[in-house]
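Chain and residue survey
Here is how the chains run, residue by residue.
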Amino acid sequence: MVEGAQAGGEAEVPLLIDAADVPEWAAGADLVIMGFGMAGACAAIEARAAGASVILVERTSGCTGSTSAAAGHFYLGGGTAVQKACGFEDSAKEMARYLEAVALDPDLEKIRLYADGSVAHFDWLEAQGVPFDRSFYPQKNVVQPGRDCLIWTGNEQVWPYRDQARPAPRGHKVAFDGEEGGGALALRILSGRAEAASATVMADSKVEALVREGGRVVGVRVRRFGETSYVRADKAVLLAAGGFGQNAEMVAEHVPVLASAYVQGSPYDDGLAIRLGTAAGGVPIHMGEPFLTSPFYPPEQLLKGILVNGEGRRFVAEDSYHSRSGIFSSRQPGGTVYLIVDSAIFAYPHFASLTNQSLIDGFETIAEMEAGLGLPAGSLQATMAAYNAHAAQGEDPEFHKYPKWLKPLDEGPFAAFDLSFGRAVYTGFTLGGLSVSADGQVLDGTGRPVPGLYAAGACASNIAQDSNGYASGTCLGEASFFGRRAGRHAAMA
Ligand SMILES: Cc1cc2nc3c(=O)[nH]c(=O)nc-3n(C[C@H](O)[C@H](O)[C@H](O)COP(=O)(O)OP(=O)(O)OC[C@H]3O[C@@H](n4cnc5c(N)ncnc54)[C@H](O)[C@@H]3O)c2cc1C
């Protein structure tokens, strides 16, 4: 394939086309949006509200992007109606402090806007019809199984973050009975609102190139059932077509750890939006950062266990959000990681059958376990002796695990689960995307907007930057929040 081109229909298609080569415009609108997921739907609603005409070009027959697979957590805070109803104090300032502390490369302007606008954004989602119960799910879990709304989904109570910002739970799950389906429900409602507001949807239509005129993006080339047409964008094109987890070449080049993981999400996460934006002058950032996990909780009692590597050493606070322990695990020598428990807290990890986190064996003593796991002589015995002595005092000087999860692991027999990267199944998706302004304008290498081009959602980089700092809900939160800003800004252009 030639550089700067992609496979499309029978022939290779260049990523950029000169407007002079467009034979005719089949349709046109102020704003043309590539992709009808969370970001595209929210941008369309806001652009219509601002009076702009909108065409959404969607590759599939309906709304089936990654949003449809999402559990339905939105990371929101600062004192939302749910936080208040459940008795949690929070403020935009504390939320911003947390997001800044946990971010790989904090963008202070975006964090401030997101935290300051979080309560209003929650109200807006509810006003669109997205349902949220006024309830709190108190256990540590990946996704609450029922309709309960509020849950801890990040590292707010994890050291050192708990000392940097006052912790509050900020994961707001769409009211939905089940672990999957909240994202699909939210998207069904929001896409319905976009259509009710007279945004035009071109389904079964793949955007395959951008059209430029004198450096400005002025439209897209579309392929639908083997036919090519061109759609003019009088104000802007918004890229909202997802990440690049299904593009093996891009994964190998940018985020090779995902090549050994099960990548979740839309089959059309092919990175085309990022490649189109880059061809037009944009810059992809944080491309090497995945979301990566192999959750060993629930049940939450397993957080009282310890994770050790092939040297018999701990390497992370076990009460971290599961994508934090997941990325730390993937970086251990040889990927070797064991979850060690005693008989008082023994349970099979809830996801063990999906993640292949196998029970290696039970052992009468720590020394037997150390030998059985092939760990260096004395290593696990020393680790556990120190851990147990401190845990008995309610302390963890090494990783500062929250006292609630501390207990000496001294009630034999003992057991080990294999969480090794490469043996257990790790799942993930990409987090890198185009560098954009707080209003969604795609930025070039000098930080200036590429004329006529915006991006939002998983093809852009905003709040969710890496697995260490990820909190469930930041992707849907930022796709909807910054999607709205992009739609509004483009409409005003
Ligand atoms: C299993 C799973 C669970 C998750 N749970 C959560 C959660 O609870 N909370 C959270 O915050 N995040 C969650 N995420 C992440 C989150 O779902 C995504 O980051 C988010 O949905 C991305 O939204 P989007 O609008 O950018 O992309 P998408 O929802 O993927 O929408 C992109 C759209 O673009 C279309 N498209 C692609 N290529 C083209 C093209 N060439 N032309 C036209 N259209 C095109 C696609 O068909 C798709 O409809 C989860 C992800 C997965 C995989």
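Residues numbered from 1 in each chain as written. Predicted model: local features only at pLDDT ≥ 70, side-chain atom pairs only at ≥ 80, totals over all residues. Heavy atoms only, no water.

Residue position: Met384 is located in helix H14 (residues 379–392). Residue Met384 is classed as buried on the basis of its relative accessible area, which comes to 2%. Setting aside anything within four residues of it in sequence, one finds Met384 in contact with Ile306, Ile340, Ile366 and Leu409. (Helix = DSSP H or I, 4+ residues; strand = E, 2+ residues; numbered from the N terminus. Buried < 20%, exposed > 50% of the residue type's maximum accessible area, 1.4 Å probe, protein only. Contact = heavy atoms within 4.5 Å.)

This next bit is on a nonpolar patch on the surface. A grouping of Phe346, Tyr348 and Leu359 is seen on the molecular surface, where their side chains present a nonpolar patch of about 270 Å² in accessible area. Note on placement: Phe346 falls in the loop between strand E17 (337–342) and helix H12 (352–355). Assessed through its relative accessible area of 31%, Phe346 is described here as partly exposed. (Patch = residues over 30% accessible without salt bridge, like charges linked within 9 Å, V, L, I, M, F, W, Y side chains within 5 Å. Areas by Shrake-Rupley, 256 points an atom, 1.4 Å probe, with all protein chains shown as cover. Salt bridge = Lys/Arg side-chain N within 4 Å of Asp/Glu carboxyl O.)

Next up on the list: the site of the ligand. Lining the immediate environment of the ligand, one finds 37 residues, of which Glu58, Ser66, Thr67, Ala458 and Leu476 sit closest. Between the ligand and the protein, one listed contact pairs an oxygen atom with a side-chain N or O atom of Glu58 at 2.6 Å. Between the ligand and the protein, one listed contact pairs a nitrogen atom with a backbone N or O atom of His73 at 2.9 Å. If the ligand stood free it would expose 1000 Å²; the protein chains cover 94% of that surface. Put simply, the parts of the chain that give the shell around the ligand at least two residues each are helix H1 (38–49), helix H2 (66–69), strand E10 (206–213) and helix H15 (474–492). Across the shell around the ligand, the residue classes tally to 18 nonpolar, 16 polar and three charged. (Near = heavy atom within 4 Å. Polar contact = N/O pair within 3.5 Å; in protein donor to acceptor, adjacent residues only side chain to side chain. Nonpolar A, V, L, I, M, F, W, Y, C, P; charged D, E, K, R; others polar.)

We now examine H14. In an α-helix, one full turn covers 3.6 residues, which means residues spaced three or four apart are oriented alike. The end-to-end C-alpha distance of H14, which contains 14 residues, comes to 20 Å, matching closely the 20 Å that a straight helix rising 1.5 Å per residue would cover. For H14, the complete set of buried residues consists of Ser379, Leu380, Thr383, Met384, Tyr387, Asn388 and Ala391. Along the axis of H14, the buried positions cluster into a sector of 140 degrees, meaning they face one direction only. On its buried face, H14 is in contact with strand E16 (306–309), E17 and helix H13 (366–372). Gly394, located one to two residues past H14, shows a positive phi value of around 75 degrees. (Expected span 1.5 Å × (residues − 1). Arc of directions from axis to C-beta.)

Okay, the domain arrangement of the protein next. Domain assignment breaks the protein into domain 1 (5–65 + 183–290 + 429–491), domain 2 (73–179) and domain 3 (295–418). Using C-alpha coordinates to define each centre, domain 1 is positioned 42 Å away from domain 3. With eight residues of domain 1 at the interface, the matching set in domain 3 holds seven residues. Between domain 1 and domain 3, the buried area comes to about 520 Å², and carbon and sulfur atoms account for 52% of it. On inspection of domain 1 and its partner domain 3, the count reaches zero salt bridges. Taken together, the connections running from domain 1 to domain 3 amount to two residue pairs in polar contact (both at pLDDT 80 or more). The residue inventory of the side of domain 1 that touches domain 3, partitioned by class, reads four nonpolar, three polar and one charged. (Domains from an automatic or database assignment. Buried area = accessible area lost by both parts, 1.4 Å probe.)

The element helix H11 (residues 322–330) is largely enclosed, with a buried count of eight among its nine residues. Within H11 the residues assigned to the buried category are His322, Ser323, Arg324, Ser325, Gly326, Ile327, Ser329 and Ser330. For H11, the secondary structure elements touched by its buried residues are helix H7 (161–164), strand E15 (290–293), E16 and E17.

Turning our attention to the packing of aromatic side chains. All told, the structure shown has 17 aromatic pairs when counted by the stated rule. For the ring pair Tyr98 and Tyr161, a centre distance of 6.3 Å and an interplane angle of 85 degrees mean the geometry is edge-to-face. One end of the pair, Tyr98, is in helix H4 (residues 92–102); the other, Tyr161, is in helix H7, with 63 residues separating them in the sequence. Given a relative accessible area of 7%, Tyr161 falls into the buried group. Taken together, a centroid distance of 5.0 Å and an interplanar angle of 85 degrees make the contact between Phe481 and Phe482 edge-to-face. Three or more aromatic residues joined by ring pairs make a cluster, and in this case those are Phe291, Tyr321, Phe429 and Tyr470. (Phe/Tyr/Trp six-rings, centres within 6.5 Å; stacked < 30°, edge-to-face > 60°.)

Ranked by size, the top nonpolar core spans 83 residues in total, and within it Leu210, Val237, Leu239, Ile340, Met369 and Leu453 carry the most contacts. Per element, the largest residue contribution to this core is five residues, and it comes from E17. Residue assignment places this core across two domains, with domain 1 (5–65 + 183–290 + 429–491) and domain 3 (295–418) each supplying three or more. With near-sequence residues (within four places) excluded, Ile340 lies in contact with Gly305, Ile306, Val308, Met369, Leu373, Met384, Leu409, Ala415 and Ala416. Ala41, Ala70, Ile463 and Leu476 belong to the second largest nonpolar core, which has 59 residues in total. (Core = buried A, V, L, I, M, F, W, Y, C linked by side-chain atoms within 4.5 Å.)

Before going further, it helps to spend a moment on the side chain of Arg485. Mapped onto the fold, Arg485 is located in helix H15. Judged by relative accessible area, Arg485 falls into the buried class, the value being 17%. At 3.0 Å, the side chain of Arg485 forms a polar contact with the side chain of Asp439. Leave out the neighbours within four places in its chain, and Arg485 touches Leu113, Ala438 and Asp439.

Moving on: unusual backbone geometry. A cis geometry characterises the amide bond from Tyr297 onward to Pro298, with omega recorded as 0 degrees. Topologically, Pro298 is positioned in the loop between E15 and E16. The omega torsion across Gly412 and Pro413 is -5 degrees, close enough to zero to call that bond cis. Tracing the backbone shows Pro413 in the loop between H14 and strand E19 (414–418).

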